[in-house]
Amino acid sequence: MLVLSVVIPMYNEAAVIPALIARLRPVLDALGVDYEVVAVDDGSRDDTVAVLLTHARDWPQLRLVRLRRNSGHQAALTAGLYRARGQWVVSLDADLQDPPEAVAEMLRVARSQGVDVVYGVRADRSSDTVFKRRTAQLYYRLMRRLVGAEVPAQAGDFRLVSREVVETLRQLPERTPVYRLLVPALGFASAEVRYVRETRAAGETKYPLPRMIALAWDSVANFSAAPLRLATWLGAVSFLACLGLVGFGVVAYLRGLTIPGWTSTFVAVLLLGGVQLVCLGLLGEYVGRIYATVQGRPMYHVGADSADTELASPIAGTPVGSVRG
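Note that the structure is predicted; figures quoted are calculated from it, not measured. (Residues numbered from 1 in each chain as written. Predicted model: local features only at pLDDT ≥ 70, side-chain atom pairs only at ≥ 80, totals over all residues. Heavy atoms only, no water.)

Visitor: Outline the side chain of S91, supporting the account with residue identities and numerical values.
Guide: With respect to the helices and strands, S91 occurs in strand 4 (residues 88–91). Looking at S91, its side chain comes within polar contact range of the main-chain oxygen of D157, at 2.5 Å. The residues contacting S91, other than those within four sequence positions of it, are V7, L77, D157, F158 and R159. (Helix = DSSP H or I, 4+ residues; strand = E, 2+ residues; numbered from the N terminus. Polar contact = N/O pair within 3.5 Å; in protein donor to acceptor, adjacent residues only side chain to side chain. Contact = heavy atoms within 4.5 Å.)

Visitor: Can you break down the packing of aromatic side chains residue by residue, with the values?
Guide: Inspection of the entire model under this criterion finds two aromatic pairs. A ring pair is formed by F158 and Y195, whose centres lie 5.5 Å apart and whose planes are at 80 degrees; its orientation type is edge-to-face. Residue F158 is found in strand 6 (residues 155–162), and its partner Y195 is found in strand 7 (residues 190–196); the two are separated by 37 residues along the sequence. The residues F158 and Y195 share a single accessibility class, namely buried. One Lys or Arg, R170, reaches over the ring of Y82 and ends 5.1 Å from the middle of that ring. (Phe/Tyr/Trp six-rings, centres within 6.5 Å; stacked < 30°, edge-to-face > 60°. Buried < 20%, exposed > 50% of the residue type's maximum accessible area, 1.4 Å probe, protein only. Lys NZ or Arg CZ within 6 Å of the ring centre and 35° of its normal.)

Visitor: Tell me about unusual backbone geometry, and please be specific about residues and values.
Guide: One non-glycine residue, N12, adopts positive backbone phi at about 55 degrees. As for its placement among the helices and strands, N12 is situated in the loop between strand 1 (4–10) and helix 1 (17–31). Note on N12: relative accessible area 25%, which makes it partly exposed. Residues other than glycine seldom take positive phi values, yet L96 does so here, at roughly 65 degrees. Tracing the sequence through the fold places L96 in the loop between strand 4 and helix 4 (102–113).

Visitor: Could you give an account of the nonpolar core, naming the residues involved and the relevant values?
Guide: In terms of nonpolar packing, the biggest core is built from 38 residues, with L4, V6, I8, L28, V37 and L160 touching the most fellow members. Every element with two or more residues in this core is listed here: strand 1, helix 1, strand 2 (35–41), helix 2 (48–56), strand 4, helix 4, strand 6 and strand 7. In terms of residue count, the dominant contributor to this core is helix 4 (six residues). In this view, L28 contacts L4, V6, Y35, V37, W59 and V103; residues no more than four positions away in its chain are not counted. Counting residues in each nonpolar core, the second largest holds 24 residues, with V38, V40, L169 and Y179 among its members. (Core = buried A, V, L, I, M, F, W, Y, C linked by side-chain atoms within 4.5 Å.)

Visitor: Tell me about a nonpolar patch on the surface, and name the residues and values.
Guide: Residues L277, L280, L283 and V287 make up a contiguous nonpolar surface patch of about 320 Å² in total accessible area. Its location among the elements puts L283 in helix 10 (residues 262–295). Classification of L283 as exposed rests on a relative accessible area of 52%. (Patch = residues over 30% accessible without salt bridge, like charges linked within 9 Å, V, L, I, M, F, W, Y side chains within 5 Å. Areas by Shrake-Rupley, 256 points an atom, 1.4 Å probe, with all protein chains shown as cover. Salt bridge = Lys/Arg side-chain N within 4 Å of Asp/Glu carboxyl O.)

Visitor: Any details on the confidence of the model for the protein? Residues and values, ideally.
Guide: Summing up the model confidence of the protein, the mean pLDDT is 77 and the portion of residues at 70 or higher is 71%. Ranking the helices and strands of the protein by mean pLDDT puts strand 4 first, with 95, and helix 8 (residues 209–223) last, with 66. Ignoring residues within four places in sequence, the model shows residues 299–307, a span with pLDDT below 50, making seven contacts including any to other chains. (pLDDT = per-residue confidence, 0-100.)

Structure below.
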């Protein structure tokens, strides 16, 4: 098995490929390990494929995986992860905003610390626009609130994972995976490598505002039933408001401030509206549970079992199976 695979999703990246290879190949050659680079063409309409094939003649470690049509960044990343053969797999964007030089540090940290995941964390995003920095901060704050504090702030899709993580991801029935949330949710031991985010080397961004919004919605919809539960809270608030308005209607009727038939119609509409909203909220709760069940995510992942392997016990140097009561 190869030691390292580098997965790079590409869509219309012909302009940046020469610069990418000029920086990435020396880094990987210097590692002194067997590696491969899996370039996934996501239905590009420019010369991305031709440029990759040209460089592959002189770089045998470069593989090309072509998708039949443009399926999106996360789909292309999935195709690369599933076809990668390395013991460690790094996902890297082609735009050089995430420096290839950090790959060597990621591999070193994973081996030295014995972790399964190493996140590339953006320590400085000054190269991004103010709007993108602010929306990114809002996104990660929202995701940490919905998914949990284990989601690293300012960590995108630049990460290194072990073969065990890849095989676990393959078993999940995710239709629209968002790996920046899915990988932390698995709970594997992790570490971070911080880097300065650079400007795009060439070409145009593949994440304009519509795609950023779509990613945010997929993140919320995949990992939380909060939108469904919103109906429950709106129903409860509306029902309480309806009760207050019913009291107002009764008082107005007793004081003779209404016309005949107004009070009964007013009260009936409010009560029916409040009950309908509460029932809709309850229905949303059950749909949310069905949604979670259909996703089929396991409730937990066993890292180790003393029945299968000998684990280090609190008594230094003594296997768990050897501890006597």
